[in-house]
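# Survey of secondary and tertiary structure
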Amino acid sequence: MKIVVIGGSGLIGSKVVAILGKQGHETVAASPKSGVNTLTGAGLAEALDGADVVVDVSNSPSFADADVLKFFETSTRNLLAAEAAAGVRHHVALSVVGADRLPDSGYMRAKVAQEKLISASGLPWSVVRATQFFEFVPGIVDSATVGDTVHLAPVLIQPMAADNVAAAVAEAAAGTPTNAVVEVGGPEQFRLDELGRATLAARHDTRAVVGDPAAPYFGAVLAERSLVPADGARRAETRLEDWRTAQAG
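A brief report on the enclosed structure follows. (Residues numbered from 1 in each chain as written. Predicted model: local features only at pLDDT ≥ 70, side-chain atom pairs only at ≥ 80, totals over all residues. Heavy atoms only, no water.)

### As for the environment of Ala168
Inspection of the secondary structure puts Ala168 in helix H6 (residues 162-174). By relative accessible area, Ala168 is classed as buried at 7%. Distance in space between the C-alpha atoms of Ala168 and Ala130 is 8.7 Å, their sequence separation being 38 residues. Sequence-distant contacts of Ala168, that is, excluding residues within four places in its chain, are made with Val128, Val184 and Arg234. (Helix = DSSP H or I, 4+ residues; strand = E, 2+ residues; numbered from the N terminus. Buried < 20%, exposed > 50% of the residue type's maximum accessible area, 1.4 Å probe, protein only. Contact = heavy atoms within 4.5 Å.)

Shown next as structure tokens:
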């Protein structure tokens, strides 16, 4: 199959392209770097010509509430229209576990808006909601830092490796449309504040972590299970400690 990966030069997209290529699919890594701009529509018709499947793992360059909503709504509308014109048979998108539980987060509201556009498009579709990536935990810690103190809510989180996220997205792309949302998370649950402490310790960082139930996460206050998938969700294989060992090696 010809599979076009929107955001194909990014962390997840590049891995999805590699996985699908090894499976023998014709893959196209589409991004502004390759002349494909989903916000303006530039290059979309050419990139999607003859495509069977489109995978959207693109992300907004700005996380400001208005910017991220505009990005996901505009790019998704442009992409779906171009897919309909090209006869694409399957739209696959990466979303976030908990997006529908955190309406106070502008980013999560934007992801929900994206999902709604996809499900209402009339095109066959699959949405993969993944938990937070191991690779992004240091960024969460940094964003929660005030002075030398990190404020993180002591709630559950079930992070996973980017390789496992990409594998789940690639599996969806190579399969038949589900017309449904599928959740995937890591193999272990942690407390977010404890994960922050462990992350800093692994980096020999002396910042202190405070377990703060009111600490915001991308603009939203978290409940106990806001960031973990529902019972019965698929679990990835890579454990955090094994991932850290591989990164260090």
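### Notes on the packing of aromatic side chains
With the rule as written, the count across this model stands at seven aromatic pairs. With a centroid separation of 5.4 Å and an interplanar angle of 50 degrees, the aromatic rings of Phe134 and Trp243 are classed as tilted. Note that Phe134 is positioned in the loop between strand E5 (125-130) and helix H5 (137-143) and Trp243 in helix H8 (residues 240-248), a separation of 109 residues in sequence. According to the relative accessible area criterion, Trp243 is buried, its value standing at 16%. In this structure an aromatic cluster arises from ring pairing among Phe63, Phe71, Phe72, Tyr107, Tyr217 and Phe218. (Phe/Tyr/Trp six-rings, centres within 6.5 Å; stacked < 30°, edge-to-face > 60°.)

### Here's the deal with the side chain of Arg207
When you line up the elements, Arg207 lands in the loop between helix H7 (192-202) and strand E11 (208-211). Here the side chain of Arg207 touches Asp142 through a polar contact of 3.0 Å, side chain to side chain. Within polar-contact distance, the side chain of Arg207 engages the side chain of Asp205 at 2.8 Å. The residues touching Arg207, leaving out its near neighbours within four places in the chain, are Val141, Asp142, Thr145, Asp148, Val150 and Leu200. (Polar contact = N/O pair within 3.5 Å; in protein donor to acceptor, adjacent residues only side chain to side chain.)

### Observations regarding the sheet that holds strand E3 (residues 53-56)
The strands making up a sheet are joined through hydrogen bonds of the backbone, oriented either antiparallel or parallel. The sheet built from seven strands is open, its strands ordered E2-E1-E3-E4-E5-E9-E14 with parallel pairing. Either end of the sheet is taken by a strand with one partner, and the two such strands are strand E2 (26-30) and strand E14 (234-235). Pairing geometry for strand E1 (residues 2-6) and E2, over five bridges, is parallel. From the neighbouring strand, Ile6 faces E2, where its bridge partner is Ala30. Across the sheet, H6 lies against E1, E3, strand E4 (90-96), E5, strand E9 (181-185) and E14, angled at about 155 degrees from E4, the strand it touches most. (Pairing = 2+ DSSP bridges. Axes fitted to C-alpha atoms, helices over the stretch in contact; angles between N-to-C directions.)

### Looking at H6
Between the first and last C-alpha of H6 there are 18 Å, a value that for 13 residues agrees with the 18 Å anticipated at 1.5 Å per step. Of the positions making up H6, those classed as buried are Ala162, Asn164, Val165, Ala166, Ala168, Val169, Ala170, Ala172 and Ala173. (Expected span 1.5 Å × (residues − 1).)

### Regarding the packing of helix H1 (residues 11-22) against H6
Across the interface, H1 lies against H6 with an axial gap of 8 Å and an inter-helix angle of 55 degrees. With respect to H6, the axis of H1 lies oblique. The handedness of the crossing between H1 and H6 is right-handed. For the pair formed by H1 and H6, the contact residues are Leu11, Ile12, Lys15, Val16, Ile19 and Leu20 on the first element and Ala162, Asp163, Val165, Ala166, Ala167, Val169, Ala170, Ala173 and Ala174 on the second. Partitioned by chemical class, the residues of the contact of H1 with H6 number 13 nonpolar, no polar and two charged. (Parallel < 35°, antiparallel > 145°, perpendicular 65-115°, else oblique. Left-handed = near helix turned anticlockwise from the far one by under 90°. Nonpolar A, V, L, I, M, F, W, Y, C, P; charged D, E, K, R; others polar.)

### Focus: the environment of Ala166
Its place among the elements puts Ala166 in helix H6. Once residues within four sequence positions are removed from consideration, Ala166 is found in contact with Ile12, Lys15, Val16 and Ile19.

### Notes on the sheet that holds strand E6 (residues 145-146)
In spatial order, the strands read E6-E7-E11; together these three strands make up an open sheet with mixed pairing. Both edges of this open sheet fall to E6 and E11, since each of them pairs with a single strand only. Here strand E7 (residues 149-152) runs beside E11; their pairing, made up of four bridges, is parallel. Among the inter-strand pairings, Thr149 is bridged to a residue of E11, identified as Ala208. In this fold H7 packs onto E7 and E11, with an angle of close to 175 degrees to the strand it touches most, E11.

Nothing here speaks to function; it is all geometry.
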